[in-house]
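Observations on chain architecture
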Amino acid sequence: MSTENLPQSPEQPSRKPRVAVVFGGRSSEHGISVVTAGAVLKAVDRTKYDVLPIGITQDGRWALTADEPERMAITERRTPNVEELAESAEGAVVLPVDPANREVVYSEPGSVPKALGEVDVVFPVLHGPYGEDGTLQGLLELSGVPYVGAGVLASAVGQDKEYMKRVFTSFGLKVGPYVVIRPREWARDESAARRKIVDFAGEHGWPLFVKPARAGSSIGITKVDDLSGLDEAIAAAQAHDPKILVEAALRGREIECGVLEFEDGPRASVPAEIPPPDTHAYYDFEAKYIDSAPGLVPAPLTPEETAEVQRLAVDAFEAASCEGLVRADFFLTEDGEFVINEINTMPGFTPISMYPQMWQASGVGYPELVDRLIQAALRRPTGLR
């Protein structure tokens, strides 16, 4: 029997992929994460994706927030926070830990839970512990929800500067001298731990950089010029992480390079140089985000130096099993050698941040950058890969 003249059922319009932009978090980088989220929300192509903004408060509550990126900016030298953006002081967003169900639910005390619809991909613009360190990535793996950026292992390695350096060394990448003080070591014998740092300074000289082992955005980092400033620097670092890292100062130029996952694999951007800021001792938090110290994009390097740092950036990406994006930071020493300082698996992502600037100079504008990251996440399965 011919069906040619029978009435045809209208085709159901295909649903746009739904992107949950998750931001804020419990780390000391909460405010910068909110700023980053504002930039991402502005850049997401709304004709291509539906968007659900979810903020994590500083005490860990997942809050439904308004889709108002203009409220997520630094004003009067002050960063925003999720508590100001949340639609309720008590309501909570729940992502079911069930790979067969991606529906997000919102609940408030005394009210019937409200279904917010399914989420197809999460864009986690969280920096630091409890977001960039593999903890959120593990939750999303359990939920079976694809997400932007590095997986559990790469996120953890990228957050812990000690193990990051150990991985790089095992893959033949050169790192600078460092020493680690672990929490039990400090609790057991503070004097011995402090003496370990002093002996390190005796071998490598002053100044030293004392920093939290698992933090970013230059928060909690102190440049220490002599013994008199050591105790204060240790306390500043331990305020953010009980495990601290002490690095010898490397004399050279600070060079950064972005890595982005394309359909055919990771590629490196043109590199950038961070010149010493005029009004800061080094490229600290205020220089990066408040005073917006400018970088040089592209970096004034020879073609050979550019090719070398791009190769090393991709090597670092591969060594840590990264996905999506990475910013790799290097020192170009006085003898012409590139020494890797660290990678960031979710680097600063505001429009003034170096990662988007490097890709802009490489021909990938901010909206395209956001789209490529979402598409890369949608291509990847969750689970072992």
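Residues numbered from 1 in each chain as written. Predicted model: local features only at pLDDT ≥ 70, side-chain atom pairs only at ≥ 80, totals over all residues. Heavy atoms only, no water.

Topic: the overall build of the protein
Along the backbone of the protein there are twelve helices and 16 strands. Taking the principal axes of its C-alpha atoms as reference, the protein extends roughly 90 × 55 × 40 Å. Within the protein, the proportion of its 385 residues that are buried is 54%. Long-range pairs, those at least 24 residues apart, make up 66% of the contacts in the protein between residues at least 6 apart in sequence. Carbon and sulfur atoms provide 51% of the accessible area of the protein, an area that totals close to 17500 Å². (Helix = DSSP H or I, 4+ residues; strand = E, 2+ residues; numbered from the N terminus. Buried < 20%, exposed > 50% of the residue type's maximum accessible area, 1.4 Å probe, protein only. Contact = heavy atoms within 4.5 Å. Areas by Shrake-Rupley, 256 points an atom, 1.4 Å probe, with all protein chains shown as cover.)

Some points on the pattern of salt bridges
By the definition in use, this model includes 31 salt bridges. A salt bridge links Arg311 to Asp315, with the nearest nitrogen and oxygen atoms 2.9 Å apart. Here the residue Arg311 and the residue Asp315 both occupy positions in helix 10 (residues 303-319), the gap between them amounting to four residues, near one helical turn. The class of Arg311 is partly exposed, set by a relative accessible area of 42%. Each of Glu141, Glu261, Glu323, Arg380 and Arg385 takes part in one network of salt bridges that share partners. (Salt bridge = Lys/Arg side-chain N within 4 Å of Asp/Glu carboxyl O.)

Section: helix 1 (residues 30-43)
The end-to-end C-alpha separation of helix 1 is 20 Å, in line with the 20 Å expected for 14 residues at 1.5 Å each. Judged by how many residues are buried, helix 1 sits mostly within the fold: 13 of 14 residues are covered. (Expected span 1.5 Å × (residues − 1).)

A closer look at the environment of Gly258
For Gly258, the position within the fold is in strand 12 (residues 252-262). Here the alpha-carbon distance between Gly258 and Pro113, two residues 145 residues apart in the chain, equals 42 Å. With sequence-adjacent residues up to four places away left out, Gly258 is seen in contact with Arg267, Ala268, Ser269, Val326, Tyr355, Met358 and Trp359.

Brief notes about the packing of aromatic side chains
Inspection of the entire model under this criterion finds five aromatic pairs. Note on Phe330 and Phe338: the rings are 6.2 Å apart at their centroids and 80 degrees apart in plane angle, and the pair reads as edge-to-face. For the residue pair Phe330 and Phe338, the accessibility class agrees, reading buried in each case. Here the aromatic cluster, defined as three or more aromatic residues joined through ring pairs, consists of Phe123, Phe349, Tyr355 and Tyr366. Here the basic side chain of Arg26 rests over the ring of Tyr130, its NZ or CZ set 4.0 Å away from the ring centre. Of note, Arg267 hangs over the ring of Phe262, and the distance from its end group to the ring centre comes to 4.0 Å. (Phe/Tyr/Trp six-rings, centres within 6.5 Å; stacked < 30°, edge-to-face > 60°. Lys NZ or Arg CZ within 6 Å of the ring centre and 35° of its normal.)

As for the sheet that holds strand 8 (residues 178-181)
Overall, antiparallel pairing links the four strands, which are arranged 8-11-9-10 in an open sheet. Edge strands, defined here as strands with exactly one partner in the open sheet, are strand 8 and strand 10 (222-224). Pairwise comparison of adjacent strand axes, ignoring direction, gives a mean angle of 25 degrees for this sheet. The pairing of strand 8 with strand 11 (residues 244-248) spans four bridges and is classified as antiparallel. Opposite Ile181, over in strand 11, you have Ile244 as the bridge partner. (Pairing = 2+ DSSP bridges. Axes fitted to C-alpha atoms, helices over the stretch in contact; angles between N-to-C directions.)

Side note on helix 12 (residues 366-379)
Between the first and last C-alpha of helix 12 there are 20 Å, a value that for 14 residues agrees with the 20 Å anticipated at 1.5 Å per step. Inspection of helix 12 places Tyr366, Leu369, Val370, Asp371, Leu373, Ile374, Ala376 and Ala377 among the buried residues, and these make up the whole buried set. For helix 12, the elements touching its buried residues are strand 1 (18-24), helix 1, strand 7 (121-124), strand 12, strand 15 (325-333) and helix 11 (354-361).

A closer look at the sheet that holds strand 1
Strands sit in the order 3-2-1-7 across an open sheet of four strands; the sheet is mixed. At either end of the open sheet lies a strand with only one pairing partner, and these are strand 3 (62-64) and strand 7. For this sheet the average axis-to-axis angle between neighbouring strands, irrespective of direction, equals 30 degrees. Bridge count between strand 1 and strand 2 (residues 50-56): seven bridges; the pairing is parallel. Bridge pairing in strand 2 places Phe23 opposite Gly55. Across the sheet, helix 12 lies against strand 1 and strand 7, angled at about 130 degrees from strand 7, the strand it touches most.

Looking at the environment of Pro124
Tracing the chain through its elements places Pro124 in strand 7. Along the chain, Pro124 and Pro80 lie 44 residues apart, while their C-alpha atoms are 17 Å from each other. In this structure Pro124 touches Val22, Leu136, Val148 and Met346, once residues within four positions along its chain are discounted.

Focus on the side chain of Ser88
Mapped onto the secondary structure, Ser88 falls in the loop between helix 2 (82-85) and strand 4 (92-94). Setting aside residues no more than four positions away along its own chain, Ser88 makes contact with Arg61, Tyr106 and Glu108.

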